[in-house]
Amino acid sequence: MLIMTDVKEKHHVNAGEVEIDSGAGSIEFVYQKPLGFWGKINNFLLLDSATEGVYSNHDLDPVPADEQHWNMKDYALFWISDNLSVSGFRNAASVMQVGLSWKLSLLCIALANIVQGAVVTINGIVGAKYHIPFSIQSRASYGYYLSYLMILMRCIVGIFWYGVQCYTGAECVQSMLYALWPSFRNVKNRLPESANITTQLMTAYVIYFLTCLPFHYVGVHRVKWLFMLKSITTPICAFAIMGWMVHQVGVGQTSIFTTGNTISGSKLAWTFVSSLNSNIGSGTTLMVNAPDYSRYANKRSSTYITALAVPFTATVITVIGVIVAAGSKILYGQILWDPLEVIDRWTSSGGRAAAFFCALSFYFSQVGLNIAANSLAAANDLNCIFPRYINIRRGQFIAAILGSWALTPWNILTSASGFLNFMGGYSIWLGPLLGILLSDYYLVHSRKYDIPELYNFHGRYRYYKGVNWRAFLAFFIGWVPLLPGFIPVIQGGSVTSNGIAHLYEVGYFYGTLSAMLSYYVLCKFFPQSETYIEQGVWATESVFPDGIMSEEFEIEAGAAMGNFGKG
């Protein structure tokens, strides 16, 4: 193809692959080869929303003013729908199964979610203020290229958790099938025992996977109706299951409330601490990717409800879960830490109708939970790594396929102790990652970022060849000492040294706080002066240098542009 440059007007003639241009100025003829097969594939996969001149796209750019429409009510519904789920039942009952009484289990989960709610709110402020996702936020502390390692790490965890929650969603579908067609219980299992999944559950797994894909297509900021639906139906079902259980076992002297601790002394104390650490660790993904959903806030204060909504809703579902689990031990002779196993025992005609409604409600709960906590996080990460080809919608589909089929979540949820080990284990990496993010934003840079520069690979946050060695060192300080305790526990063994074991049992606190403090000290003694600015700089409609505003114009710009820059 012949192309003439430096002209004002262009006329195209496809025949013969010749382009004829006319206009003033010099003329240069350039031969361009026609696109081959792979070139056409590349053009087909390229996003139309890719931002020209910047390695970004619409979903990775700061959220524009007309899309900042999440208010306090939306965030309250978001967290109600996130916590009121099957997983809420399971966490509490799992703690009971390792030896704690219902009172200590309740206290453990409540404290864990108070910490989670506070940290999610604190880390989410950067998203509500600058309207950027975690993947962009991480560049300020880690540097452009080291941030990709952190993003990939968080992405893997999000995909992993997606598979776990997909397994739970399949259980919901299986319960619906049991209620609709009782004969489905008699379907012959053709899978080996070593597969850790039956033919019935695999069938339900496929159905769940296929039916949740349309929700990923819609996008998280347009499925607020799903969170509202969950916040209405799930509490009704949860209280109904609890009421039925209390009615069956009673509230007298031999009731569910007489179940006490099965361990004592120092073992009880360390079991409580370990369970607290594990349950806090289970929310580390949400803490890290808090800006991914706080960035849609219409004003900064809209996200503050998170600090109350998370512990309140988690405590409510924990109370219900503890009562149901403890009651099941009396009614069935074993702790059923899955409410779906309870409703599967409702086999009368009226019981099956109730079971179907409960399972359907939990199904929607799992879909919303998986979007909010896992697929959105992984999609934002993939979006950052491949911004020319992957947006949030495509990223959610990729996360769904990898999480559902590349992993085997049915092997993760084989026992309560294994589940707790899994929840707490990965926080040894995400805890330090989070600590550095908080330290950088609040302590090192005093909540002042230059947003356009975060999109400039040669800008002020490049550090040394794209790597901030201070963050790298602080990150290692946060997780390396925990490794001797992590490896044997995950492998099913035991730690020989009490000191190593106890350090691992407080791994989230150690990893987060040690990384936070060490990063601050390193930056104090070895500052990267060009990253310190007098005022924060926003991006208005894009990340281009000609569309920025400084902090002193925030109020003025907010008035001119609606809600943009408020808070």
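Structural notes, computed from the coordinates. (Residues numbered from 1 in each chain as written. Predicted model: local features only at pLDDT ≥ 70, side-chain atom pairs only at ≥ 80, totals over all residues. Heavy atoms only, no water.)

Here we take up helix α23 (residues 507-525). Note on helix geometry: an α-helix contains 3.6 residues per turn, so any two residues three or four positions apart are oriented the same way. With 19 residues, α23 ought to run about 27 Å at 1.5 Å a step, and its terminal C-alpha atoms sit 27 Å apart, in line with that. Three or more residues of α23 are buried, namely G507, Y508, G511, T512, S514, A515, S518, Y519, L522 and C523. (Helix = DSSP H or I, 4+ residues; strand = E, 2+ residues; numbered from the N terminus. Expected span 1.5 Å × (residues − 1). Buried < 20%, exposed > 50% of the residue type's maximum accessible area, 1.4 Å probe, protein only.)

Together, W469, L473, I477, L517, V521, F525 and F526 make up an exposed nonpolar region whose accessible area comes to about 670 Å². Where the nonpolar patch is concerned, the elements lending two or more residues are α20 (469-479) and α23. Among the structural elements, F525 can be located in helix α23. On the basis of relative accessibility, which here comes to 64%, the residue F525 falls in the exposed class. (Patch = residues over 30% accessible without salt bridge, like charges linked within 9 Å, V, L, I, M, F, W, Y side chains within 5 Å. Areas by Shrake-Rupley, 256 points an atom, 1.4 Å probe, with all protein chains shown as cover. Salt bridge = Lys/Arg side-chain N within 4 Å of Asp/Glu carboxyl O.)

For the rest of this paragraph, the subject is the pattern of salt bridges. Taken as a whole and assessed by the stated rule, the structure comprises 3 salt bridges. Across the pair D450 and R460 runs a salt bridge whose closest N-O atoms are separated by 3.3 Å. One end of the pair, D450, is in the loop between α18 (427-444) and α19 (451-454); the other, R460, is in the loop between α19 and α20, and 10 residues separate them in sequence. The exposure class of R460 is partly exposed, given its relative accessible area of 24%. One continuous salt-bridge network, built from bridges that share partners, spans R154, D292 and D381.

This next bit is on the packing of aromatic side chains. Here a ring pair, both rings aromatic, is described through the centre-centre distance and the interplanar angle of the planes. As enumerated under the stated definition, the model contains 25 aromatic pairs in all. Both rings, one in W79 and one in Y293, keep their centres 5.8 Å apart while their planes meet at 80 degrees; by these two values the pair is edge-to-face. Taken together, the positions of W79 in helix α2 (residues 72-83) and Y293 in helix α11 (residues 291-294) put the pair 214 residues apart, joining distant regions of the chain. The pair W79 / Y293 is uniform in exposure class, with both members buried. (Phe/Tyr/Trp six-rings, centres within 6.5 Å; stacked < 30°, edge-to-face > 60°.)

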